[in-house]
Amino acid sequence: MGDFNFGIFVVVVLLILIILIAICNIKVVPQAYAYVIERLGAYKCTWGTGLHFKVPFMDKISKKVSLKEQVIDFPPQPVITKDNVTMQIDTVIYFEITDPKMYTYGVERPIAAIENLTATTLRNIIGEMELDHTLTSRDVINSKIRVILDEATDPWGIKVNRVELKNIIPPREIQDAMEKQMKAERERRARILDAEGEKRSAILIAEGKKESAILNAEAIKESKIREAQGEAEAIIAVQKAVADGIRMINEAEPSQGMIAIRSLEAFEKAADGRATKLIIPSEIQGLAGLAASLKEMVTDGNIDTRPKA
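Cut-offs used in this document
- Residues numbered from 1 in each chain as written.
- Predicted model: local features only at pLDDT ≥ 70, side-chain atom pairs only at ≥ 80, totals over all residues.
- Heavy atoms only, no water.
- Core = buried A, V, L, I, M, F, W, Y, C linked by side-chain atoms within 4.5 Å.
- Buried < 20%, exposed > 50% of the residue type's maximum accessible area, 1.4 Å probe, protein only.
- Helix = DSSP H or I, 4+ residues; strand = E, 2+ residues; numbered from the N terminus.
- Contact = heavy atoms within 4.5 Å.
- Phe/Tyr/Trp six-rings, centres within 6.5 Å; stacked < 30°, edge-to-face > 60°.
- Lys NZ or Arg CZ within 6 Å of the ring centre and 35° of its normal.
- Expected span 1.5 Å × (residues − 1).
- Salt bridge = Lys/Arg side-chain N within 4 Å of Asp/Glu carboxyl O.

**Observations regarding the nonpolar core**
Ranked by internal contacts, the top residues of the largest apolar core, which has 30 residues, are Met-87, Ile-89, Leu-122, Ile-141 and Ile-145. Listed by contribution, the elements that provide at least two residues to this core are strand E8 (86–97), helix H3 (110–126), helix H5 (138–153) and strand E9 (158–169). Beyond its immediate sequence surroundings of up to four residues, Ile-89 is in contact with Pro-75, Pro-76, Gln-77, Val-79, Leu-122, Ile-126, Leu-165, Asn-167 and Ile-168.

**Quick look at unusual backbone geometry**
Within the chain, Leu-40 stands out as a residue other than glycine whose phi angle is a positive 55°. For Leu-40, the position within the fold is in the loop between strand E2 (33–39) and strand E3 (42–47). The exposure class of Leu-40 is exposed, given its relative accessible area of 67%. Of note in this structure, Phe-57 is not a glycine but carries a positive phi near 65°. As for its placement among the helices and strands, Phe-57 is situated in the loop between strand E4 (50–53) and strand E5 (59–66). Here Phe-57 falls in the exposed class, since its relative accessible area comes to 77%.

**So, the environment of Lys-63**
By secondary structure assignment, the location of Lys-63 is in strand E5. Of the residues examined, Lys-63 reaches a relative accessible area of 32% and is grouped as partly exposed. With 25 residues separating them along the chain, Lys-63 and Glu-38 place their C-alpha atoms 9.3 Å apart.

**Some words on the packing of aromatic side chains**
Under the defined criterion, the tally for this structure stands at 1 aromatic pair. On the numbers, 6.0 Å between centres and 80° between planes, the contact of Tyr-43 with Tyr-105 is edge-to-face. Of this pair, Tyr-43 sits in strand E3 while Tyr-105 sits in helix H2 (residues 100–105), and the two are 62 residues apart along the sequence. Overall, the relative accessible area of 31% leaves Tyr-43 in the partly exposed class. Here the guanidinium or amino end of Arg-162 rests over the ring plane of Tyr-94, the centre of that ring lying 4.0 Å away.

**A short note on H3**
For H3, which comprises 17 residues, the first-to-last C-alpha distance of 24 Å matches the rise-based estimate of 24 Å (1.5 Å per residue) to within 8%. Those residues of H3 lying buried are Pro-110, Ala-112, Ala-113, Ile-114, Thr-118, Ala-119, Thr-121, Leu-122, Ile-125 and Ile-126. Elements in contact with the buried residues of H3: strand E7 (77–80), E8, H2, helix H4 (131–135), H5 and E9.

**Digging into the pattern of salt bridges**
For the structure shown, the criterion picks out 7 salt bridges. Between Glu-185 and Arg-189 there is a salt bridge whose closest N-O contact spans 3.2 Å. Taken as a pair, Glu-185 and Arg-189 lie in helix H6 (residues 172–252) at a separation of 4 residues, close to a single helical turn. Close ionic contact of Arg-226 with Glu-222 constitutes a salt bridge, the shortest N to O distance being 3.1 Å.

Put into C-alpha cells, the structure is as follows:
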C-alpha cells in the first residue's frame, strides 16, 4: 500500500513538472518583434507575432529583435576637409531591422559596426569637400552617407532609412570669423531696411502733400464756383425784382406826370455821380426847362411865396 501511494505521488509530481515545463515553453511574441530560435545550437526558425511553443531542452530563443525604426545619436567625430580644416561632426542614424536572422548572425555588435562605418564614410565624403561647401551641403552629405550605409548594412539585415548631420562644429577661429561676417551682414540688412523705411516715409510725405494740395485746389475751386453761383443768383434776383417792378408799374397804368417826376428823381441821382457825360431824354429836358423858369420867377419876386392869411 505504501509503494502504491509513493507511485501515485511520483506520477503527480511528474505531471506537475510536465505542465510547468509546457507552460514555461509557451511563448507569445508581441507586435513589432521577432524571436530567433536555435535548436541544439543551430538556427531553426524565426518566430513572428503570436503564440508559439518551444521544445524543452532543445530549442532556445537566441535573440529578441525589435522591428521598429530605431534612432542612434553618435558622438561628434573629427573630420578634415579638403582645405585642411578640422571639424567636429555628429550624426543621427535612423534604421530598422528587416531580417532578424542576418541581424543576429551577420555581424558582431551591429550598432558599433554602424558607428564605425558612419565615421569612416563621413571622413571620406568630407575629405573631398572644402569648408564652405561642407557648411552649405548638408542634404548632399546626408544622401551620400545614407546610400553607402544602406548598401554596406544590407548583409546585416539592416536598412538605413535616413542620416542627418546633427551639428557641424568648425574651429573656434573660423566660428569667430563666421560670426563677424554674419554680424556685418545683419548690419548691412539693417541699413538697407532703414533706407527703405526712409524712402517709404519720404514717398508717403510727398503723397500727403500732393493730396493736400489737390484738396486745397478743390476747395478753392468749389469756393469760387459757389461764389459765382451766388453772384449769378443775386443778379437773377435783382433782375427779377426789376422785372416785377416794371410789371407792377405797367399794371398800375401811371400818369404821364408821375412818369416825368420819377424820371427827374432818376436824373438827379445820376447827376450826383461821377459821370462826365449824360444823355437826357427830350421829355426830361422839357421838365428841366419848366423847373428853371419857376426858379427865375421866384427869384425876381413875380410870384408871391408868402403864406396867405
